[in-house]
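Coordinate analysis (summary)
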Amino acid sequence: MSQQEVTHVSNTGITHVSETMMPSGTQEAGGSQVDSPTLSAEQQRVIELVKQGKNVFFTGDAGTGKSFLLNHIIAELRTIYGDDVSAVGISAATGIAATHISGSTLHSVLGCGAPRTIDDFEKMWGSSQRIRALKARYCTAVLIIDEVSMVSAEFFQMLETMVKQIRGLDAPFGGLQLVLSGDYFQLPPISNAARPGTPANAFLNRGYTFQCPAWSRCNLECVLLTKIWRQADQEFVRLLNAIRFGDNAAAAELARRCSRPLPDHGSIKPTQLFSRNADVDRVNADELARLPGTPAVCEALDEVTLQDELAALRGAKPDRPLSSTDRERDRGRLRRHEFFRDCMAADKLQLKVGAQVMLLKNLELGVSHSLVNGSRGVVARIITRTEFIEQLQQEISTLKRKLKRDDSGQAAPDAGSPHTQHQDVGKRLDSALRQMQVTQRWGTPTSSLPVVKFLHGRVMALGVETFTSELAGVGMCSRTQIPLKLAAALTVHKCQGLTLDLCRVSLRSMFAEGQAYVALSRCRTLEGLQVTDYSPGCAKTSQTVIRFDQALRSGVEYVDDAWQQWQRAHKCVAPPPRVMSDAVLIGGIRVGTRIHGGGAYGRGSGAPGTQPYAGGGAGMGGAKATDICYRCKQPGHWGSNCPQFGGGQQQQQQPQQQEQRQQNSGPKRRRVMGVTAVAAPPAGSITAFFKPTGQRNGGLDLLFGNQKAVEADIPQQNGHQLTVAEAMAWARDNLLTDRPELFMKGSSVRPGVLVLLNDTDWELCGELDALVADGDRVTFISTLHGG
Ligand SMILES: Nc1ncnc2c1ncn2[C@@H]1O[C@H](COP(=O)(O)OP(=O)(O)OP(=O)(O)O)[C@@H](O)[C@H]1O
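Now for a look at the structure at hand. (Residues numbered from 1 in each chain as written. Predicted model: local features only at pLDDT ≥ 70, side-chain atom pairs only at ≥ 80, totals over all residues. Heavy atoms only, no water.)

It is worth spelling out the pattern of salt bridges at this point. According to the stated counting rule, one finds 26 salt bridges in the structure shown. Here Asp-61 makes a salt bridge to Arg-244, at a shortest N to O gap of 3.3 Å. With Asp-61 in the loop between β3 (56–60) and α2 (66–81) and Arg-244 in helix α8 (residues 234–244), this pair connects stretches of sequence that are 183 residues apart. Classification of Arg-244 as buried rests on a relative accessible area of 2%. Among the salt bridges present, the one from Arg-257 reaches Glu-235, with a minimum N-O distance of 3.5 Å. Taken as a pair, Arg-257 in helix α9 (residues 248–257) and Glu-235 in helix α8 lie far apart in primary sequence, 22 residues in all. Look at Arg-257 and you get partly exposed, because its relative accessible area is 36%. Judged by relative accessible area, Glu-235 falls into the partly exposed class, the value being 27%. Within this structure, Asp-308, Glu-309, Arg-327, Glu-328 and Arg-331 form a network of salt bridges that share partners. (Salt bridge = Lys/Arg side-chain N within 4 Å of Asp/Glu carboxyl O. Helix = DSSP H or I, 4+ residues; strand = E, 2+ residues; numbered from the N terminus. Buried < 20%, exposed > 50% of the residue type's maximum accessible area, 1.4 Å probe, protein only.)

Now for the sheet that holds strand β13 (residues 356–359). An order of β16-β15-β14-β13-β19 is seen for the five strands of this open sheet, with the pairing classed as antiparallel. The strands lining the two open edges of the sheet, one partner per strand, are β16 (459–461) and β19 (484–486). The average undirected angle you get between the axes of adjacent strands in this sheet is 40°. Here three bridges tie β13 to strand β14 (residues 376–384), and the two strands are oriented antiparallel to one another. Counterpart to Gln-356 in the pairing with β14 is Val-378. (Pairing = 2+ DSSP bridges. Axes fitted to C-alpha atoms, helices over the stretch in contact; angles between N-to-C directions.)

What follows concerns the side chain of Asn-205. Mapped onto the elements, Asn-205 comes out in the loop between β7 (177–181) and α7 (213–217). For Asn-205, the side chain forms a polar contact with the main-chain oxygen of Ile-190, separated by 2.8 Å. With near-sequence residues (within four places) excluded, Asn-205 lies in contact with Ser-152, Glu-154, Phe-155, Pro-189, Ile-190 and Ser-191. (Polar contact = N/O pair within 3.5 Å; in protein donor to acceptor, adjacent residues only side chain to side chain. Contact = heavy atoms within 4.5 Å.)

For Phe-173, which is not a glycine, the phi torsion comes out positive at approximately 50°. For Phe-173, the location among the structural elements is in the loop between α6 (153–167) and β7. With phi around 60°, Asn-205 is a residue other than glycine that occupies positive phi space.

We now examine the sheet that holds strand β23 (residues 529–532). Pairing in this open sheet of four strands is parallel, and the strands run β20-β9-β22-β23 from one edge to the other. Each edge of the open sheet carries a strand with a single partner, namely β20 (489–491) and β23. Adjacent strand axes in the sheet meet at a mean angle of 20°, parallel and antiparallel pairs treated alike. Relative to β20, strand β9 (residues 271–274) runs parallel, the two sharing three bridges. Paired with Phe-274 across the bridge in β20 is Thr-491.

The structure is reproduced here in structure tokens:
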């Protein structure tokens, strides 16, 4: 690889920001270039472990070459997996970190988006393409996660649970090989605080990955990189290392030594780093003013859509018609919504040729040279909307022709991997068609749009994109705007992973742990660094991270009780009011028999108070003829009964059962992560929900009277709140019709049975000791026999 010295050349002659991107990896400390960089022994050791198929986590100070090494690992894996690029999932915690390894964000690689509730993880089942990839191509392959310090414990745990379910293998991450890289002394995950009224299923994104049960299960080989490559000056390294551990005296000393202004480098401007967006915006505006000419002002198209309009757009039936007064009130609420103040895309974006910019959306994910949130570039030209549409039309015709040629087998002989290139073309075409649609709705024919030259050399005319925010029960706010932000100055959160030759760091209002360390460690040399606004206490370090680091260095396993504490805290959050009724399905598979009255009614389908298995309609397993399977996308059955996945063997419903179901009305059910959830019980009772989903012989359903699901009100045990262990024992004693040893082993479930508490892996909730409250749902899923 050759060094990619990135300079942004504008046609004004001004060259802003000199920075070196990670993929280069050919810099010696101090900045001199070497022709063929050699890996150090410790870096080489990591490569060997990866080649041996081990799950690996490597860490080290800022500048120890983690991203550099990852690029080498990716190259090695390419030689192992050849053209099958999708065999290696290349991801990072943030969009900008992903650009350093030519990958995508972890959210997009695994398809869960940025989750707001636990239910959002079900999106991972949403793409049949991704599921096929996870099940088949990824079977023997690798998932790479860079900047893993910014992935939360809860996120990591949910991913592990979901990947395991999707792949149908109980091994950690369903047997995927993991390569994790990051430095926990740098920026932590951004977590959300739970407040009274926060929904019980809100996703709070808490903790460091090493605090969740999945981490220890992954059996990671941990390697500590010790050689710092970014900085050669040992005095600089010493100060940075002290700041890493929260030494504010060292931060003060560095600030004093680097307080002088930087020498004038002519057209090359230092990158300015701030903790807060407001400072970044101010500096960017000043820098823009310095560029010649009048700025093009690009106005956003802001819209609000009421709940019933939204439902209609999504093909659903609105709940109830709103009066015109209510509609006006809701519209007002949406227009005043904070989204329009906080949206990353400005309402009036000012651009000039030569302006430094950063992309705010992931475009064309998964193609080579993906453009992602955080990609840096410079405005090369400004064109009108009409010109943009013409260019896009030409591009669309070219892409269509190319696709057609590929389809007819006339791909160029040197095409490398025709399959991958074909996919790239398809994705680019999709993206171009989408852009055409959105951009035609925005602005006027003479509105300005930028042509941007990105860091890896790609020049691209940008249309607009839509940013949205939904206000539950009211509607949706949306802003359609060019997905760019001025970037002569950056927030520290956006600069993690960069190596800079010249930078000016403001230490004002550093609010996060590791933030000052990240900012100060970007620069190669003391000579290239200017520090302003020192404030006492700016160097912050997490004590948890220090303890983890100590454990790592002494080779012992790190353990704390954060996991249990979060679960207890989460339980204190008041769940949203839920309505009790008797049996309604919302888009789910059906469902089971309700057994009232605890032990007395407990056994089998013929027990008093039970209702027979009731399907959801004319299709298989309760699906209606119009219901679409998420797995094969065919109508008439749900994923759990998909014939292509071994389902569909259960009997078609009897008319009597259909009739029974039509009579049911009540507990609202949703599909959550491939299982069925049920609404709250009457006050005073405790309800657990059992969903044995074994599919063939030996499946849990056989043990529960051959029922797909069983619900039960469990009497309070021994006067205290029920634990999952007690709920399970009760189920064994009262509901099981056969072979308890296939359900439980000792006081726990037998291996191969997954347990979810309120749709969350029970490991996140304290396993056997987790408390079950009124309305909680306990779900058992057999992963054996294709369950
Ligand atoms: N073996 C090597 N030979 C030459 N240069 C190297 C080597 N390893 C790393 N470097 C260089 O060191 C610099 C820092 O590397 P890199 O950015 O990968 O570190 P990092 O550990 O990922 O840093 P951070 O944690 O701050 O993101 C880069 O300029 C990179 O090219």
